[in-house]
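# Analysis of the macromolecular model
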Amino acid sequence: MKYVALLSGGKDSCYNLSHCNANGHQLVAAATLSPQSGKDEIDSYMYQTVGQDAIEFVAHALEVPLYRRVIQGDAIEQNAEYGSRSAGGAGVLGDETEDLYTLLEHVKVHHPDVQGVSVGAILSNYQRVRVEHVCHRLSLTPLAYLWQRDQAELLSEMIAVGIKSVLIKVAGIGLTVKHLGKTLNGMQDTLTRLNSLYGLHICGEGGEYETLTLDSPLFKHRIVLDETEVVMHTDNEFAPVAYLRIKRASLHPKESSTDSRVEVPPLLEDRFVLEGYENRFSGTYEPTNKPRRVPDHPSTHTIGPWLAIGNIHPDPSLDSEIPLAEQVRNCFIQLQGILESHDLRMEDVANITLLLPSLAPEVFTAANKAYAEFFGASPPSRACVGVDLPEGVGVMLECVACKDNTRRALHVQGLSYWAPANIGPYSQAVTVEPYVFVSGQVGLLPPSLTLPSPPSLALETALVFQHTDRVIRAANAAGGHVLLSLYWFTDDADTIHIRRACETFCEETPTLFLVVASLPRGARVEKQVLVHTGEFTVPDEDEDTFTQVSRTPEFLSGDIHTKRTQISRTADFLSGDVDPECGMAASSEMIPGSTRPSILNWQISRFDVSGTSPPAFWDTALSARLFHRVEADFSSGCAFDLRLRGSSVSRVLFEDRATPATTSIPCRYIGTQGSDENWDWAVALVGVS
């Protein structure tokens, strides 16, 4: 695609151009934001303004037109998020971010074929979120190939590829005026040493230093600083703040042509490489019948500030032939009403599971377009799968919401080497302490958002595990503990390989393998997890003060071979004096003429936190996803007459207790870790406390 470069003149913005070039994109213009005339630098949260007196030379060296705008706004919105979570929300009036919007809008007038924006962000969520917000409003794609890269590796790569940048500002401990004008190559050892001593960011991501690039592989000319002046801002013995004022500079022919190729990081980290998988497709079957019962009304359940809503589907009074987009809108209008009745809004939603009859491109696009009408900045995390919905039902969804001011989203919309940008109106993860709801991850190649070619189950699966791991670590720096894993895939022959991958990566958590009709972009596997930070606040011995403690969940599982009349007692195995978070039960029922006994398999992740008296699991169960085989005929008098609302199973599992919000999901195959059973049904329960 054709793109415009957001230029600060520094090493990061210039090095990212080389990666844009390596990924086949074409640079057509540069854009920059500058301080007002007469000011060398301003205190901006968003932009590097020092060195702006030489930015014209950088654009000339690249031989592209430069578009400039003076920064007029201030850092009004300083929170992690930018813009409203409400649908249709614009920017913040008077904020310096809106200067970027005006600048790029102007660029598009002169270059209407521009589709992308090069961004040199490495770690700054503050900058990334705002650039992405502007790009989304202008239908531009951020190109951020340095995002989440290791800084030491990046610095070495920049030097090796021929990026010649000099320090033009110092503001970190251990850096002094004598370091101004030094090259990256000359400073590498010093920066590495200061990182070891004081934790200084090697690439200056903490604002410890700024640079000006004098040469790079994409430069047609090199820049020479003919005259500079040191300006002392703050004279501190340990961490002075000083910068170079560029008084005169000039362009010179490059002595020799440089290789513009850059080192692209490996697609997979070594620990995620999988080998020995067969890539042939066995093909999946089409069920001979679809679920016959239309789902009941939406199911809701509240625990404290948490609300779960299940089985949302279009109003039965609607014509079943209306377009899918209208059915999606109808579901969200219902959702809005239910939320409002519990004093919640759409921006309080943390996670959504969206069920469609197919994920063919035209269906996925239509659903996303209607879906996007209900969310603004930082939308909920999401899993989207195609399932065999009952006749006449075109959409179903379930959600979890919480009234909590600490809610934060990881919503990455740019192309990078890190993990896939969102391919719909959802965030990669939403954190409502202590839970992290991670969106379903498919095995897309992050730089292109395409599946591996030629097709490779091994590579798709490895990418799914790596993407999930990277999203978890980006959403919560300390990582977390996976409490529940759902693997959606489209061919039951892949089950053995996905199981083996779970064993390879030593995953020990309640796990379900679910075969459905289709997945986004034609993927073969999608992974969805719920994560707990493992952080708890417990009272001290005197009970007047509290201490923060970290805990690791315990995983328990087992099989119960029982008569039907005894299954209702299995709840005893999942309760106790612990703080459980996620549980799962799967069952294979007797069929007429069979001598095989019923089996119930149960798995649970739970925390045992000393000093607390948590309730039993069933009292903390907020939501239940009831997976059942499409072919299973539960209307013939079996002990579990599985109505789509799940009422019979609810009676078995919960007896007279309050029932969690239940969503029924038809599947073509249901499996668990450690068992070869093709289960008739499974219930995944999520508890909060």
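Predicted model, so just to flag it, every value in this text is computed and none were measured.

The rules behind these values
- Residues numbered from 1 in each chain as written.
- Predicted model: local features only at pLDDT ≥ 70, side-chain atom pairs only at ≥ 80, totals over all residues.
- Heavy atoms only, no water.
- Helix = DSSP H or I, 4+ residues; strand = E, 2+ residues; numbered from the N terminus.
- Buried < 20%, exposed > 50% of the residue type's maximum accessible area, 1.4 Å probe, protein only.
- Contact = heavy atoms within 4.5 Å.
- Areas by Shrake-Rupley, 256 points an atom, 1.4 Å probe, with all protein chains shown as cover.
- Pairing = 2+ DSSP bridges.
- Axes fitted to C-alpha atoms, helices over the stretch in contact; angles between N-to-C directions.
- Salt bridge = Lys/Arg side-chain N within 4 Å of Asp/Glu carboxyl O.
- Expected span 1.5 Å × (residues − 1).
- Parallel < 35°, antiparallel > 145°, perpendicular 65-115°, else oblique.
- Left-handed = near helix turned anticlockwise from the far one by under 90°.
- Core = buried A, V, L, I, M, F, W, Y, C linked by side-chain atoms within 4.5 Å.
- Patch = residues over 30% accessible without salt bridge, like charges linked within 9 Å, V, L, I, M, F, W, Y side chains within 5 Å.
- Nonpolar A, V, L, I, M, F, W, Y, C, P; charged D, E, K, R; others polar.
- Phe/Tyr/Trp six-rings, centres within 6.5 Å; stacked < 30°, edge-to-face > 60°.
- pLDDT = per-residue confidence, 0-100.
- Bend = angle between axes of the 7 residues up to and from the residue.
- Polar contact = N/O pair within 3.5 Å; in protein donor to acceptor, adjacent residues only side chain to side chain.

## So, the overall build of the protein
Within the protein one finds twelve helices and 29 strands. Looking at the 689 residues of the protein, the share that counts as buried comes to 58%. Partitioning the intrachain contacts of the protein with sequence separation of at least 6 by distance along the chain shows that 77% fall at a separation of at least 24. As presented, the protein carries roughly 27900 Å² of accessible surface, and 48% of it is formed by carbon and sulfur atoms.

## Looking at the sheet that holds strand 5 (residues 141–143)
A sheet is described by the order of its strands in space; here five strands give the open sequence 3-2-1-4-5, paired in parallel fashion. Lying at the two open borders of the sheet, with one neighbouring strand each, are strand 3 (66–70) and strand 5. Going across the sheet, the axis of each strand differs from the next one's by a mean of 25 degrees, ignoring polarity. Relative to strand 3, strand 2 (residues 26–34) runs parallel, the two being bridged by five bridges. Note that in strand 3 the partner of Ala30 across the bridge is Leu66.

## Things to note about the pattern of salt bridges
Inspection of the entire model under this criterion finds 29 salt bridges. Between Glu81 and Arg85 there is a salt bridge, with the nearest N and O atoms lying 2.9 Å from each other. A relative accessible area of 16% means that Glu81 is categorised as buried. Among the ionic pairs, Asp494 bridges to Arg524, the shortest N-O distance being 3.0 Å. In this pair, Asp494 sits in the loop between strand 18 (481–489) and helix 10 (495–504) while Arg524 sits in the loop between strand 19 (511–515) and strand 20 (525–532), placing the two residues 30 residues apart along the sequence.

## Thoughts on helix 9 (residues 457–475)
For helix 9, with 19 residues, the first-to-last C-alpha span of 27 Å sits near the 27 Å given by 1.5 Å per residue. Of all 19 residues that make up helix 9, 15 are buried, and the element is covered over most of its length.

## Description of the packing of helix 9 against helix 10
Relative orientation of the contacting elements helix 9 and helix 10 amounts to 45 degrees, with a least axis distance of 11 Å. Between helix 9 and helix 10, the interaxial angle falls into the category oblique. Between helix 9 and helix 10 lies a crossing of right-handed hand. Only His497, Ile498, Ala501 and Cys502 of helix 10 make contact with helix 9, whose side of the interface consists of Leu457, Thr461 and Phe465.

## A short note on the nonpolar core
Of all hydrophobic cores here, the largest spans 127 residues; its most connected members are Phe332 and Phe627. For Phe332, the contacting residues outside a window of four places in its chain are Met346, Ile352, Tyr371, Phe374, Phe375 and Leu397. Counting 37 residues, the second largest nonpolar core, distinct from the first, contains Val28, Ile71, Ala429 and Val529.

## Looking at a nonpolar patch on the surface
Taken together, Ile173, Leu197, Tyr198 and Phe238 make up a surface patch of nonpolar side chains, about 430 Å² in accessible area. Mapped onto the secondary structure, Ile173 falls in the loop between strand 6 (164–170) and helix 6 (184–198).

## Quick word on the packing of helix 5 (residues 151–161) against helix 6
For any two helices packed against each other, one specifies the crossing angle of their axes together with the interaxial distance. Their axes nearest at 10 Å, the elements helix 5 and helix 6 cross at an angle of 160 degrees. Classified by the interaxial angle, the pair formed by helix 5 and helix 6 is roughly antiparallel. When the axes of helix 5 and helix 6 are compared, the crossing they make is left-handed. Packed against helix 5, whose contacting residues are Leu155, Ser156, Met158 and Ile159, the element helix 6 presents Leu184, Asn185, Gln188 and Leu191 at the interface. Classifying every residue of the contact of helix 5 with helix 6 gives five nonpolar, three polar and no charged.

## Let's talk about the sheet that holds strand 12 (residues 349–356)
Taken together, the five strands give an open sheet; going across it, the order is 10-11-14-12-13, and neighbouring strands pair in mixed fashion. Each having just a single partner strand, strand 10 (299–303) and strand 13 (381–386) make up the two edges of the open sheet. Adjacent strand axes in the sheet meet at a mean angle of 5 degrees, parallel and antiparallel pairs treated alike. Set on the sheet, helix 7 (residues 324–341) makes contact with strand 10, strand 11 (306–312), strand 12 and strand 14 (396–402); between it and strand 11 the angle comes to about 145 degrees.

## Side note on the packing of aromatic side chains
For the structure shown, the criterion picks out 14 aromatic pairs. Ring geometry for Tyr145 versus Tyr417: centroids 5.2 Å apart, planes at 45 degrees, classification tilted. Here Tyr145 is found in the loop between strand 5 and helix 5, whereas its partner Tyr417 is found in the loop between strand 15 (408–410) and strand 16 (429–432), with 272 residues between them in sequence. Its relative accessible area of 11% is what places Tyr417 among the buried residues.

## Remarks on the pairing of strand 8 (residues 221–234)
Sheet analysis places strand 8 next to strand 9 (residues 241–253), joined by twelve bridges and oriented antiparallel. Each bridged residue has a counterpart across the sheet, and for Val230 the counterpart in strand 9 is Leu244. Hairpin remark: strand 8 followed by strand 9, antiparallel, with six residues in the connecting loop.

## Focus on the confidence of the model for the protein
Taken residue by residue, the protein gives an average pLDDT of 85. The fraction at 70 or more is 83%. Across residues 588–597 the pLDDT falls below 50, and counting only partners more than four positions away or on other chains, this stretch makes 23 contacts in the model. Counting contacts from residues 633–647, a segment whose pLDDT is below 50, to residues more than four positions away or on other chains yields 43 contacts.

## A closer look at helix 6
Spacing of three or four residues puts side chains on the same side of an α-helix, whose turn is 3.6 residues. Approximately 25 degrees is the largest bend angle found in helix 6, and it occurs at Thr190. Contacts from the buried residues of helix 6 go to helix 1 (11–22), helix 5, strand 6 and strand 7 (209–215). Just downstream of helix 6 lies Gly199, where phi reads positive at about 75 degrees.

## Focus: the environment of Phe607
Within the fold, Phe607 resides in strand 25 (residues 598–607). Taking the relative accessible area as the measure of exposure, Phe607 reaches 0% and is therefore buried. Taking the C-alpha atoms as reference points, Phe607 and His532, 75 residues apart in sequence, are found 10.0 Å from one another.

## Some words on the side chain of Lys254
Residue position: Lys254 is located in the loop between strand 9 and strand 10. Side chain to side chain, Lys254 and Asp215 meet in a polar contact 2.9 Å long. If near-sequence neighbours (up to four positions away) are discounted, Lys254 is found in contact with Asp215, Ser216, Pro217, Phe219, Lys220, His221 and Arg222.

## With respect to the pairing of strand 18
Counting buried positions along strand 18 yields seven of nine residues, so the element is predominantly enclosed. Relative to strand 20, strand 18 is paired through eight bridges, and the arrangement is antiparallel. Paired with Phe489 across the two strands is Val525, which belongs to strand 20. The sheet contact formed by strand 18 and strand 19 spans five bridges and is parallel.

## Considerations on unusual backbone geometry
Pro434 follows Glu433 through a cis peptide bond whose omega is 5 degrees. Relative to the assigned elements, Pro434 resides in the loop between strand 16 and strand 17 (435–442). Here the residue pair Ser453 and Pro454 is connected by a cis peptide bond, since its omega of 5 degrees sits within 30 degrees of zero. Even without being glycine, Asn311 reaches a positive phi, approximately 60 degrees. Here Leu449, not a glycine, exhibits a phi torsion of approximately 55 degrees, which is positive.

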